[in-house]
Amino acid sequence: MITKLVAGKPGLARPLSIVGGVLLIVGALLPWATFQLNIMPYPALSTLQFFDAPFGVPGFRLHVMLLGVAVIAVAFAPAAIRGRTTKALGWGALAIAVVNAAYLIVEGGGFGTITSAHGAFAFGAVVSAVAAVMAIVAGSAYPAAPPVTWDLKLAKPLEWLVLVLAYAALLKVVADTLTAGGRGGAANPYAGAVFLSFVAFLFGVFGGLNGTGLLRWVSAVAERHRAFSAVVLLACAFVLPFTEAGTEQWIYTATNIGVFAATAIGLNIVVGLAGLLDLGYVAFMGIGAFVAANLSGAASASLGVDLPFVLVLVIAAIVAGVFGAIVGSPTLRVRGDYLAIVTLAFGEIFFKAAQNNIAGATGGSNAIPGIPPLDFLGTPGDAAITVFGAELAGGVLYYLLAVVIVALVMVLFANLKSSRIGRAWIAVREDEDAARAMGVKTGKIKVLAFLVGAAIAGVAGAVLVHRLTTASYESFTFLESVTLLSAVILGGMGSIPGAVVGASLLFVLPEKLREFSDYRLMLFGLALVLIMRFRPQGLIPDKVRRAELAGETAEGGSLKEAEERAVAEQERADDERLGRTGVTEGRS
Amino acid sequence: MSSASDRSAAPLLEASGVSMVFGGLTALNNVSLTVGREEVLGLIGPNGAGKTTFFNCLTGQYVPTSGRISLDGTTLPSDPAKVAAAGVARTFQNIRLFPNMSVLENVLVGRHVRMRQGAIASIFHGPGFRKGERLARERSRELLDFVGLSQVEGELSRNLPYGDQRRLEIARALATEPSVLLLDEPTAGMNPQETEDTRQLIFAIRDSGVSVIVIEHDTKFIFGLCDHVVVLVQGEVLVAGTPDVVRDDPRVIEAYLGKPPEDVAGTATEGEEGR
Ligand SMILES: Nc1ncnc2c1ncn2[C@@H]1O[C@H](COP(=O)(O)OP(=O)(O)OP(=O)(O)O)[C@@H](O)[C@H]1O
Ligand SMILES: [Mg+2]
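These figures come from a predicted structure and were not determined experimentally.

> Sorry, what's going on with the overall build of chain B here?
Helix and strand content of chain B: 12 helices and 10 strands. Out of the 275 residues in chain B, the part that is buried amounts to 56%. Taking contacts inside chain B between residues at least 6 apart in sequence as the whole, the part at least 24 apart equals 66%.

> When you look at the overall build of chain A in this model, what are you seeing that I'm missing?
Across its full length, chain A holds 22 helices and six strands. Relative to its 588 residues, chain A shows a buried fraction of 51%. By element, 69% of the accessible surface of chain A is carried by carbon and sulfur atoms, the whole surface being about 25,800 Å².

> For this particular structure, what's the right way to read the side chain of B:Asp79?
Here B:Asp79 shows up in the loop between strand S5 (74-75) and helix H3 (80-86). Reaching out from B:Asp79, the side chain makes a polar contact with the backbone nitrogen of B:Ala81 at a distance of 2.9 Å. Setting aside residues up to four positions removed in sequence, B:Asp79 forms contacts with A:Arg436, B:Thr59 and B:Gly60.

> Would you mind going over the coordination of the magnesium ion (ligand 2) with me for this structure?
Residues and elements named next belong to chain B. Distances from the magnesium ion (ligand 2) to its protein donors, Thr52 (OG1) and Gln93 (OE1), fall at 1.8 to 2.1 Å. Taken as a pair, threonine 52 in helix H2 (residues 51-58) and glutamine 93 in the loop between strand S6 (88-90) and helix H4 (103-111) lie far apart in primary sequence, 41 residues in all. The class for threonine 52 is partly exposed, based on a relative accessible area of 25%.

> Looking at this model, I keep getting lost on the side chain of A:Glu432. Mind explaining?
Residue and element names in this part refer to chain A. You can see glutamate 432 is positioned in helix H16 (residues 432-437). With relative accessibility at 17%, the residue glutamate 432 sits in the buried group. For glutamate 432, the contacting residues outside a window of four places in its chain are Arg335, Ala427, Thr442 and Lys446.

> Got a minute to help me understand the interface of chain B and chain A in this structure?
Interface size, as often reported, equals the accessible area lost upon joining of the parts. Facing the 50 residues of chain B at the interface are 38 residues of chain A. Across the chain B to chain A interface the summed buried area is about 3,900 Å²; carbon plus sulfur atoms make up 57%. For the pair chain B and chain A, the interface holds four salt bridges. Close ionic contact of B:Asp79 with A:Arg436 constitutes a salt bridge, the shortest N to O distance being 2.9 Å. Connecting chain B to chain A are 12 residue pairs in polar contact (both at pLDDT 80 or more). Taken together, the elements giving at least two residues each to the side of chain B that touches chain A come down to H3, H4, helix H5 (119-124), helix H6 (127-147), helix H7 (162-174) and helix H8 (192-207) of chain B. Here the side of chain B that touches chain A takes six residues from H8(B), the largest share from any one element. Taken together, the residues of the side of chain B that touches chain A break down into 20 nonpolar, 15 polar and 15 charged.

> Quick question: what am I supposed to make of the domain arrangement of chain A here?
Residues and elements named next belong to chain A. In terms of domains, chain A is made up of domain 1 (2-223), domain 2 (247-374 + 390-493) and domain 3 (551-582). Across the contact, four residues belong to domain 1 and five residues belong to domain 2. Taking both sides of the interface into account, the surface hidden between domain 1 and domain 2 amounts to around 400 Å²; carbon and sulfur atoms contribute 73%. Taken as a group, Leu178, Thr179 and Arg183 account for 91% of the area that domain 1 buries against domain 2, more than any other trio of residues on that side. Here domain 1 is connected to domain 2 by zero salt bridges. Counting the contacts that link domain 1 with domain 2 gives zero residue pairs in polar contact (both at pLDDT 80 or more). Within the side of domain 1 that touches domain 2, the residues separate by chemical class into one nonpolar, two polar and one charged.

> Even after reading the chapter, I still don't get the nonpolar core, so can you show me in this structure?
It is characteristic of soluble globular proteins that their nonpolar side chains tend to be buried jointly. In terms of nonpolar packing, the biggest core is built from 170 residues, with A:Phe284, A:Met285 and A:Trp425 touching the most fellow members. With sequence-adjacent residues up to four places away left out, A:Trp425 is seen in contact with A:Ile269, A:Leu273, A:Ala274, A:Leu416, A:Ile445, A:Leu448, A:Ala449 and A:Val452. With 43 residues, the next largest nonpolar core counts B:Leu143, B:Ala173, B:Ile205 and B:Phe223 among its residues.

> I tried to follow the domain arrangement of chain B on my own but got confused; where do I start?
All names here are of chain B. We note that the domain assignment places domain 1 (11-87 + 178-275) and domain 2 (100-177) within chain B. For domain 1 and domain 2, the distance between their C-alpha centres works out to 27 Å. Across the contact, 18 residues belong to domain 1 and 12 residues belong to domain 2. Counting the surface lost from both domain 1 and domain 2, the interface buries some 1,200 Å², and carbon and sulfur atoms represent 73% of this. Joining domain 1 to domain 2, the criterion identifies zero salt bridges. Across the domain 1-domain 2 interface, the total number found is three residue pairs in polar contact (both at pLDDT 80 or more). Among the elements of the structure, H3, strand S7 (180-184) and H8 are those that each provide at least two residues to the side of domain 1 that touches domain 2. Top element by residues in the side of domain 1 that touches domain 2 is H8. It accounts for four residues.

> Just to check I follow, could you spell out the packing of helix H18 (residues 478-491) of chain A against helix H20 (residues 520-534) of chain A for this structure?
Residues and elements named next belong to chain A. At a minimum axis distance of 11 Å, the contact between H18 and H20 shows a crossing angle of 20°. Accordingly, the angle class assigned to the pair H18 and H20 is roughly parallel. With respect to the hand of their crossing, H18 and H20 are arranged in left-handed fashion. Every residue of H20 that contacts H18 at Leu479, Glu480, Val482, Thr483, Ser486, Ile489 and Leu490 is listed here: Arg520, Leu521, Phe524, Leu528, Ile531 and Met532. Within the contact of H18 with H20, the residues separate by chemical class into nine nonpolar, two polar and two charged.

Criteria and thresholds
- Residues numbered from 1 in each chain as written.
- Chains lettered and ligands numbered in written order.
- Predicted model: local features only at pLDDT ≥ 70, side-chain atom pairs only at ≥ 80, totals over all residues.
- Heavy atoms only, no water.
- Helix = DSSP H or I, 4+ residues; strand = E, 2+ residues; numbered from the N terminus.
- Buried < 20%, exposed > 50% of the residue type's maximum accessible area, 1.4 Å probe, protein only.
- Contact = heavy atoms within 4.5 Å.
- Areas by Shrake-Rupley, 256 points an atom, 1.4 Å probe, with all protein chains shown as cover.
- Polar contact = N/O pair within 3.5 Å; in protein donor to acceptor, adjacent residues only side chain to side chain.
- Donors = N, O, S within 2.8 Å, 3.2 Å for Na, K, Ca; no water.
- Buried area = accessible area lost by both parts, 1.4 Å probe.
- Salt bridge = Lys/Arg side-chain N within 4 Å of Asp/Glu carboxyl O.
- Nonpolar A, V, L, I, M, F, W, Y, C, P; charged D, E, K, R; others polar.
- Domains from an automatic or database assignment.
- Core = buried A, V, L, I, M, F, W, Y, C linked by side-chain atoms within 4.5 Å.
- Axes fitted to C-alpha atoms, helices over the stretch in contact; angles between N-to-C directions.
- Parallel < 35°, antiparallel > 145°, perpendicular 65-115°, else oblique.
- Left-handed = near helix turned anticlockwise from the far one by under 90°.

Pasting the structure below:
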């Protein structure tokens, strides 16, 4: 409604966004809490006012201030980028304000915490929220402009440098996000607030950068130097253990994320490419896990065989893949909702079977504990290692293994997607009957999607179980399937970076938000509803390839060209009609 | 030598006694027709006559209640995928492209049935795979060029204007290397210029050695295009013959056009301009 008030008045946009930006800075400097909370002080020195020492502002208050500065700066930037960028920055600031206000109200026991109580005033959150809304409104008031694209090509070494810097920044962001707020729990009640504020800040920053066209340009540069960016990205992943996120705990979390990211990419084949809903996907991960547990030489496994791990991975993939094909075979007959029910049922059957120690292969409620660590060329996987004089935490080797697996799965996905098989999957998703009429054997191709997806999950499960050292049916619940599916949808169906970001978010959040663990499903549901409403294509939609196919990176550019082409076409058609009318009539 | 001449004399596609009954409704009743090599056959008839149903029977979407359909002497299987492989391709009355795939990818899906790469090759992208992929892309681009869409190969097909979508459907069908192409109302919704372009396109397709069956309501278009015309009314073949014969047949005029003879041309023109 407020947006409508200013919609027709672009003249108001700039003053409004400048005021919003200034107020964001003011809000950041004002105290946010009227008193130190009882359990422990709220982060970012929330009770202090910083007008005398504006450079000492820490934490989320610093972030709000930076967003404010950015909003003001953007008001003087080229007109084309103002709207989108300001809006994104505003949303980021609003999210930070709301998250912290909510925490302060709940933990402090009332609205007094963020307004006035006991003669103390703390309007930081309120002022920031209002200012953020002003920025958002101002952002929508700027005249609408098409997304900006940079037609910039640099010399090769410079573009490489850009990529190195971009990925280094990404590494820093990943490390900071992992560690933000520390691990949640009773001793660290504000972990969730700090983490969520940081993520909100990142959303503001990335949204803003996206509005300027910088991200599109960088991804275009990455697209130009694919091999190089793959190498740098991989290198960055290997450097993570050397950063502040290199503690045993965060490397453990990162390993988990890697394993689930690989699984999410596998699920993306089934759901994103072939368009088949699978609600029991985690069962395939479980199958891989129990296969690996039984072949690991664990004393508690009924099948105490100890095979080389590479062989175990292959067997896990095959067994899970076979089950995938079996579960997928009803897709020959059933579609849509019915398929979802079949997969849901399979997930439950697996869960119950594993719980009841079927064929003595799962250990039932005793699970299969004591899975020995993997052997990496003589070094046990859970040992700390020293590289270049730096002592790396235990579990780093598993992390590296997870990175390699994710990289391989990414290559597999990308290769399949741009192949005859991948196109057939997408065609089935788009219009099954038309695909069939074009000669695609839709039944086979759908079963193949299930098979490949399941095999990937099987491999991921085999890695996971070694890291966990225990294979228990409890790790493979319906909740896990839902989380994976949510990761795929949240990130963007059919998109690799989307699946990785989705999996990262959804598998880090539980570490940070322990106090919400009972509400996990509810929050996922809420997040999905919001995504479906505001960004149905997902956080990182699968767009790069489309641009690549168009032979250019610029959406705006290609649109304009298409328009010109259409005009030319029309003119040509007009000419021809004039010239050919006689012929046409002669014929009939 | 005799076998070669026999082959060219025998019809390419032959439907004999095809009937299709849905519950109590007889959509097709004992329909027989033949299509020769490099022939354009027109299939006309009022709404609900069973034209699309006949296409669905030809391509295996429906299993006919009775009758036999053969291509080059071999009975066609009743599975759309196998029919496409055998060399019969089609377009749809209500366009059915893959909306979120690019124009080029749509045509590449048509190449699917002529490519051999399996899952393993698709995962590893070896030299053989890359060669096949390159050839497929080359062939698809040629086809896009042929139908006049090479400028928009990267566009999502759902963003194309209506007429271009129809042409893309034709290119996609041609990518399967059919010997018979079935077009279900290829000019529906087109302006006169686009209709004329489509006619030239169909001539070009015929000249490239592909037989075509066209369903159209636009009789002027059909009579100016086809070598033979079959009139279907209420699931039965009413008249079959050359355009001249069909045009002047009083039964056709009565059943299909519902107008006295002298108004035939006028009706057709009106029909075209109404679009
Ligand atoms: N799957 C089906 N189930 C039941 N009836 C069907 C089915 N398909 C077609 N019909 C019926 O068969 C008859 C012929 O339909 P068809 O679509 O073949 O007509 P058409 O000649 O293509 O008409 P139009 O010119 O309107 O496209 C219609 O009465 C239709 O309702
Ligand atoms: Mg029809």
